[in-house]
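Topology and contacts: notes
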Amino acid sequence: MDRVDRIELGSSMLPTPYVNCDYETVYEPCEDSFLLLDCLEDQQEYLGSRFQDALSVVCELGPGTGVVTTFMMQNGIPTSGKSVYFGVDISPWALEATRDTVRRNKCDGIFMETVQCDLTSCLKPGEVDLLVFNPPYVPAENVPEIPDDAVDRSRWLDLALLGGENGMAVTERLLQQLDTVLSRNGVAYILFCARNHPEEVAERMRNEYGWEVELVIHRKAGWEVLSVYRFSRKIM
Ligand SMILES: C[S@@+](CC[C@H](N)C(=O)[O-])C[C@H]1O[C@@H](n2cnc3c(N)ncnc32)[C@H](O)[C@@H]1O
């Protein structure tokens, strides 16, 4: 994968990290991953002014190959030289790939840790300033069971893709954890496909839970429409 992929899809200026992983076990970066990169590139000014000189804790849930985490590290998102990064994935293969991608792209001297766990269960409450998630969003009967590791490595890919009812089972769980995991000034970027009914989700998060929710980018990708929404607390 190289930069051409992303230029064809958007109007990005920042380079896309080099990735070389085993795509039989780890989700290969595609339109949704690139939309997130373009989103974060577009949001650089907003994030820079939101976090300014503070040390920021950044967490990508489900980093897969690590392309998004590496992109944030390379480009100082949200705050250059003042951020620490965590990649949290349920798949051990994704975490291995993330470490490898960070290494290949020479992000030396920047703190990055990978943790294997289910969503935010390993994270200290109230500490994450920037949270990013490209979830398993494809509608399916169920969210797959965690595979019995070495037996069939490719089953980890199902876990990367299939999101249960409306493709929202995993995302819904995260939405319920947002208030606990984000810092006071924290912000989350979450990717949706049209079949997740993101506008209804956004309305519910605004009306029932009082979040500020903004659609920041959307794009047609084949027959799918992908979008990224930004969630933050209302400033009183
Ligand atoms: C659609 S892939 C996104 C990969 C990468 N972020 C990208 O954009 O290319 C979803 C990722 O979420 C991970 N994942 C799925 N369920 C999870 C859970 N409950 N907790 C943590 N990670 C999960 C998968 O292993 C996979 O790496």
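The name given to the protein in an unreviewed UniProt entry is Methyltransferase small domain-containing protein, with the source organism recorded as Torulaspora globosa.

**Focus: the UniProt feature "domain: Methyltransferase small" (unreviewed entry) in the protein**
In the numbering adopted here, UniProt assigns the feature "domain: Methyltransferase small" (unreviewed entry) to residues 50–139. From the first C-alpha to the last, residues 50–139 spans 34 Å; its make-up is 26% helix and 27% strand.

**Topic: the pairing of strand β6 (residues 211–221)**
Sheet topology places β6 next to strand β7 (residues 224–233); 10 bridges connect them, and they run antiparallel. Paired with H218 across the two strands is S227, which belongs to β7. Counted between consecutive antiparallel strands, the loop separating β6 from β7 contains two residues, among which G222 sits at a positive phi close to 65 degrees.

**As for helix α5 (residues 92–104)**
Here α5 spans 18 Å end to end across 13 residues, near enough to the 18 Å set by a 1.5 Å rise per residue. Of the residues making up α5, those classed as buried are W93, A94, L95, A97, T98, T101 and V102. Lining the buried residues of α5 we find α4 (67–74), β2 (83–89), β3 (112–116) and α6 (155–161). Of the residues flanking the start of α5, the one acting as N-cap is S91, its side-chain oxygen 3.2 Å from the backbone nitrogen of W93. Just past α5, the residue K106 takes up positive phi, approximately 55 degrees.

**Description of the pattern of salt bridges**
The tally for this structure, following the rule as stated, stands at eight salt bridges. R204 serves as the salt-bridge partner of E172, at 2.4 Å between the closest nitrogen and oxygen. One end of the pair, E172, is in helix α7 (residues 169–181); the other, R204, is in helix α8 (residues 198–207), with 32 residues separating them in the sequence. Since its relative accessible area comes to 22%, E172 is described here as partly exposed. The residue E203 makes a salt bridge to R206 at a minimum N-O spacing of 2.6 Å. Of this pair, E203 and R206 both sit in helix α8, three residues apart, which is roughly one turn of that helix. On the accessibility criterion, R206 (23% relative accessible area) is partly exposed. Residues participating in the shared-partner salt-bridge network are D100, R103 and R104.

**Some thoughts on α8**
Among the residues of α8, those classed as buried are P198, V201, A202 and M205. Projected down its long axis, α8 shows its buried positions confined to an angular sector of 100 degrees, all on one face. Relative to its buried face, α8 has exposed residues pointing more than 90 degrees away, namely E200 and N207. Buried residues belonging to α8 abut α7, β5 (182–193), β6 and β7.

**Overview of the pairing of β3**
On a regular strand, one side chain projects to one face of the sheet and the next to the other, so that they alternate. Sheet analysis places β2 next to β3, joined by five bridges and oriented parallel. Looking at the pairing, F86 lines up with E113 of β3. For the segment spanning β2, α5 and β3, crossover handedness is right-handed.

**Concerning the packing of helix α2 (residues 31–42) against α4**
Two numbers describe how α2 lies on α4: the axes approach to 10 Å, and their chain directions differ by 20 degrees. By the angle class used here, α2 and α4 are roughly parallel. α4 is crossed by α2, and the crossing has right-handed handedness. Between α2 and α4, the contacting residues are S33, L36, L37, L40 and E41 on the first element and V67, V68, F71 and M72 on the second. Across the contact of α2 with α4, the residue classes tally to seven nonpolar, one polar and one charged.

**A short note on the packing of aromatic side chains**
Across all of its chains, the model carries three aromatic pairs by this definition. Of the aromatic side chains, those joined through ring pairs into one cluster are F192, Y229 and F231. Positioned over the ring face of Y46 is R230, at 3.8 Å from the centre of the ring.

**Thoughts on the nonpolar core**
One recurring pattern in soluble globular proteins is that nonpolar side chains are buried together. Counting residues in hydrophobic clusters, the biggest one holds 39 residues, and the most contacted among them are L40, L47, V68, M72, L130, Y189 and V228. Top element by residues in this core is α2. It accounts for six residues. In contact with L130, other than residues within four places in its own chain, are L47, V57, V58, C59, M72, I77, P78, V187 and Y189. Core analysis: the second largest hydrophobic core is formed by 26 residues, F133, M168, I190 and F192 among them.

Analysis parameters
- Residues numbered from 1 in each chain as written.
- Predicted model: local features only at pLDDT ≥ 70, side-chain atom pairs only at ≥ 80, totals over all residues.
- Heavy atoms only, no water.
- UniProt positions renumbered as here; feature names shortened; annotations may be inferred.
- Helix = DSSP H or I, 4+ residues; strand = E, 2+ residues; numbered from the N terminus.
- Pairing = 2+ DSSP bridges.
- Expected span 1.5 Å × (residues − 1).
- Buried < 20%, exposed > 50% of the residue type's maximum accessible area, 1.4 Å probe, protein only.
- Contact = heavy atoms within 4.5 Å.
- Polar contact = N/O pair within 3.5 Å; in protein donor to acceptor, adjacent residues only side chain to side chain.
- Salt bridge = Lys/Arg side-chain N within 4 Å of Asp/Glu carboxyl O.
- Arc of directions from axis to C-beta.
- Right-handed = clockwise from strand over helix to strand, strands pointing away.
- Axes fitted to C-alpha atoms, helices over the stretch in contact; angles between N-to-C directions.
- Parallel < 35°, antiparallel > 145°, perpendicular 65-115°, else oblique.
- Left-handed = near helix turned anticlockwise from the far one by under 90°.
- Nonpolar A, V, L, I, M, F, W, Y, C, P; charged D, E, K, R; others polar.
- Phe/Tyr/Trp six-rings, centres within 6.5 Å; stacked < 30°, edge-to-face > 60°.
- Lys NZ or Arg CZ within 6 Å of the ring centre and 35° of its normal.
- Core = buried A, V, L, I, M, F, W, Y, C linked by side-chain atoms within 4.5 Å.

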